[in-house]
Amino acid sequence: MDLSIFGYQFMQNAIISTFLGGIACATIGVFVVLMHMPFIGVAMSHAAFAGALLGLWLGFNPLLGAFALSLLTAVIIGPLADRGELSPETSLGVIFSLMLGIAFLFMGLMPGSKSGALELLWGSILTNTRSDIILLAVVAVVVVGLVFVFYKEIQATIFHRGIALSVGLPATLILYGILFLTGATITASLRSIGGLLIFSLILNPAAAAYQLTYSMKRMFLLAAGFGVLSGWVGLLFSYLFNIPSGATIVITSSVIFMIA
């Protein structure tokens, strides 16, 4: 096996991106798994994809559109989960359907080639630039830092929001913060993994960690490790067999879950 390719800048960027993205996505995944709301990741990822397509259609930075629509979706999800007569999963399913429809509407309205849209759909981690890495690094540091600082409050909110509120914790604010961080993480990872696959990288490492420990702290550590491992092993298989990197990363994360 020729290892000289790892000396090239694009491959080094990809390795760093998978490390940062694996940590950030897996950390968010712990929230998704413990809150029993996997549709959060689905709805937010498709919202980010729709926002990015809006940016491509109107000619501004796709990541700004992705972040804006993710944030809007987070603002919608919170009240629906609190006040809706339906279960949170049903409300999230409706939002997912809406965002999927909006995404393909914007794709249909885009003139000319759809190559930019397809890149956002499937991801292209081998084309990541220094600015993409900086964005991923900022998001990863913020996500991990907030979890470290507010660990007890987050743990209480995830365990039972009602009890957390009754003892004076800002449980609603924490929930909205988790939704906001989910949107930011998905936006930062959109170009690397793609809007169609990013949900899997959020869910699978955390779900695998959930099979191996009852400790929330160890779950964060295991999920981050599985996320990084999925990225690096998937990247290696992508290089060896000349297949799409985003798909191999997600398949690797699924295999890790099945082994766990």
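Small disclaimer: the values here were computed from a predicted structure and weren't measured. (Residues numbered from 1 in each chain as written. Predicted model: local features only at pLDDT ≥ 70, side-chain atom pairs only at ≥ 80, totals over all residues. Heavy atoms only, no water.)

Caption draft 1: Layout of the packing of helix α6 (residues 130-149) against helix α9 (residues 171-193). At a closest axis distance of 10 Å, the pairing of α6 and α9 adopts a crossing angle of 155°. Taken together, α6 and α9 sit at an angle that is classed as roughly antiparallel. Along this stretch, α6 crosses α9, giving a crossing that reads as left-handed. For the pair formed by α6 and α9, the contact residues are D132, L135, L136, V139, V142, V143 and L146 on the first element and L181, A184, T185, A188, S189, R191 and S192 on the second. Split into classes, the residues belonging to the contact of α6 with α9 amount to 9 nonpolar, 3 polar and 2 charged. (Axes fitted to C-alpha atoms, helices over the stretch in contact; angles between N-to-C directions. Helix = DSSP H or I, 4+ residues; strand = E, 2+ residues; numbered from the N terminus. Parallel < 35°, antiparallel > 145°, perpendicular 65-115°, else oblique. Left-handed = near helix turned anticlockwise from the far one by under 90°. Contact = heavy atoms within 4.5 Å. Nonpolar A, V, L, I, M, F, W, Y, C, P; charged D, E, K, R; others polar.)

Caption draft 2: Fine view of the layout of surface pockets. What the largest pocket holds in volume is close to 290 Å³. Considering the residues around the largest pocket, the lining is formed by I23, T27, V144, V147, F148, Y151, K217, F220, L221 and A224. For the lining of the largest pocket, the secondary-structure elements that each account for two or more residues are α1 (9-34), α6 and α11 (216-241). Here the lining of the largest pocket takes 4 residues from α11, the largest share from any one element. Grouping the constituent residues of the lining of the largest pocket by class yields 8 nonpolar, 1 polar and 1 charged. Lining the second largest pocket we find F31, L146, F150, E153, I154, P170, L173, I174, G177, I178 and L181. Residue assignment for the lining of the second largest pocket shows that the elements contributing at least two residues are α7 (151-159) and α9. Ranked by residues supplied to the lining of the second largest pocket, first place goes to α9 with 5 residues. (1 Å grid on protein atoms, 1.4 Å probe; cavity = no way out; pocket = protein on both sides within 12 Å on 5 of 7 lines; lining within 4 Å. Points joined across faces, edges and corners; volume = space filled by probe spheres on them.)

Caption draft 3: The environment of N128, seen in detail. Mapping N128 onto the fold places it in the loop between α5 (115-122) and α6. Given a relative accessible area of 3%, N128 falls into the buried group. For N128 and A14, which are 114 residues apart along the polypeptide, the C-alpha to C-alpha distance reads 6.5 Å. The contacts of N128, once residues within four sequence positions are left out, are N13, S17, L136, R191 and S192. (Buried < 20%, exposed > 50% of the residue type's maximum accessible area, 1.4 Å probe, protein only.)

Caption draft 4: Main features of α7. Taken residue by residue, α7 has Y151, I154, T157 and I158 as its buried positions. Angular distribution of buried residues about the axis of α7 spans 130°; they occupy a single face of the element. The outward face of α7, more than 90 degrees from its buried face, is lined by the exposed residues K152 and F159. Close packing links the buried residues of α7 with α1, α6, α8 (161-166), α9 and α11. (Arc of directions from axis to C-beta.)

Caption draft 5: Region of interest: the environment of T248. For T248, the location among the structural elements is in helix α12 (residues 245-259). Sequence-wise, T248 and S230 are 18 residues apart; in three dimensions their C-alpha atoms are separated by 8.6 Å. Excluding anything up to four places from it in sequence, T248 contacts G234, S238 and I243.

Caption draft 6: Examining α12 more closely. With 15 residues, α12 extends 21 Å from end C-alpha to end C-alpha; this agrees with the ideal 21 Å at 1.5 Å per step. Of the positions making up α12, those classed as buried are S245, G246, T248, I249, V250, T252, S253 and I256. Contact partners of the buried residues in α12: α1, α5, α9, α10 (198-210) and α11. (Expected span 1.5 Å × (residues − 1).)

By themselves, these figures tell us nothing about what the structure is for.
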